[in-house]
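# A look at the structure
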Amino acid sequence: LVLFISMLFLTLLLLFLALFPGAFNCCTKVSDEIPKGILRRVERFEIQKADGLCHLEAVILYIEGRKFCVSPRIRKVKKLMKKNKHKIPRKKTHGRKQRRTKIIKKKEKKQ
């Protein structure tokens, strides 16, 4: 009987995890303060809305593989999100390579 109940519990747990994979990734607490030093090292961020499985609004900051949950109402966090909202990562190219590429393209078009 104990084995049957254990197997049933395990089956239900696996079913729950399969149906709701994000259930254990939600922030359950948020910090209302964050040091500037941490904000400077943020690699990326996500916004957690208070709907669906997560019942708390939060901004999830990722720093060196670690996750920090902070309040979206913090002024410094709002500024960080606004600053990085439209930022498109670009590879830095040297001016000479870029000019050579343009010249080659122009020559190809003329022929």
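Placed above this text is the structure.
Now for a look at the structure at hand. A quick note: this is a predicted structure, and the numbers were derived from the prediction, not measured. (Residues numbered from 1 in each chain as written. Predicted model: local features only at pLDDT ≥ 70, side-chain atom pairs only at ≥ 80, totals over all residues. Heavy atoms only, no water.)

## Quick look at the state of the cysteines
What the rule picks out here adds up to two disulfides. A sulfur-sulfur distance of 1.9 Å marks the disulfide that ties C26 to C54. Measuring handedness by torsion sign, the sulfur bridge of C26 and C54 sits at about -70 degrees and is left-handed. Pair noted here: C26 is in the loop between α1 (2-19) and α2 (36-40) and C54 is in the loop between β1 (44-48) and β2 (58-63), with a separation of 28 residues, a long-range link. The residue that forms a disulfide with C27 is C69, at a sulfur-sulfur distance of 2.0 Å. Across the disulfide from C27 to C69, rotation about the S-S bond amounts to roughly -70 degrees, and the bridge is consequently left-handed. Note that C27 is positioned in the loop between α1 and α2 and C69 in strand β3 (residues 66-70), a separation of 42 residues in sequence. The same class applies to C27 as to C69, namely buried. Sequential numbering of the bridged cysteines in the protein chain gives the disulfide pattern 1-3, 2-4. (Disulfide = S-S within 2.5 Å. Helix = DSSP H or I, 4+ residues; strand = E, 2+ residues; numbered from the N terminus. Buried < 20%, exposed > 50% of the residue type's maximum accessible area, 1.4 Å probe, protein only.)

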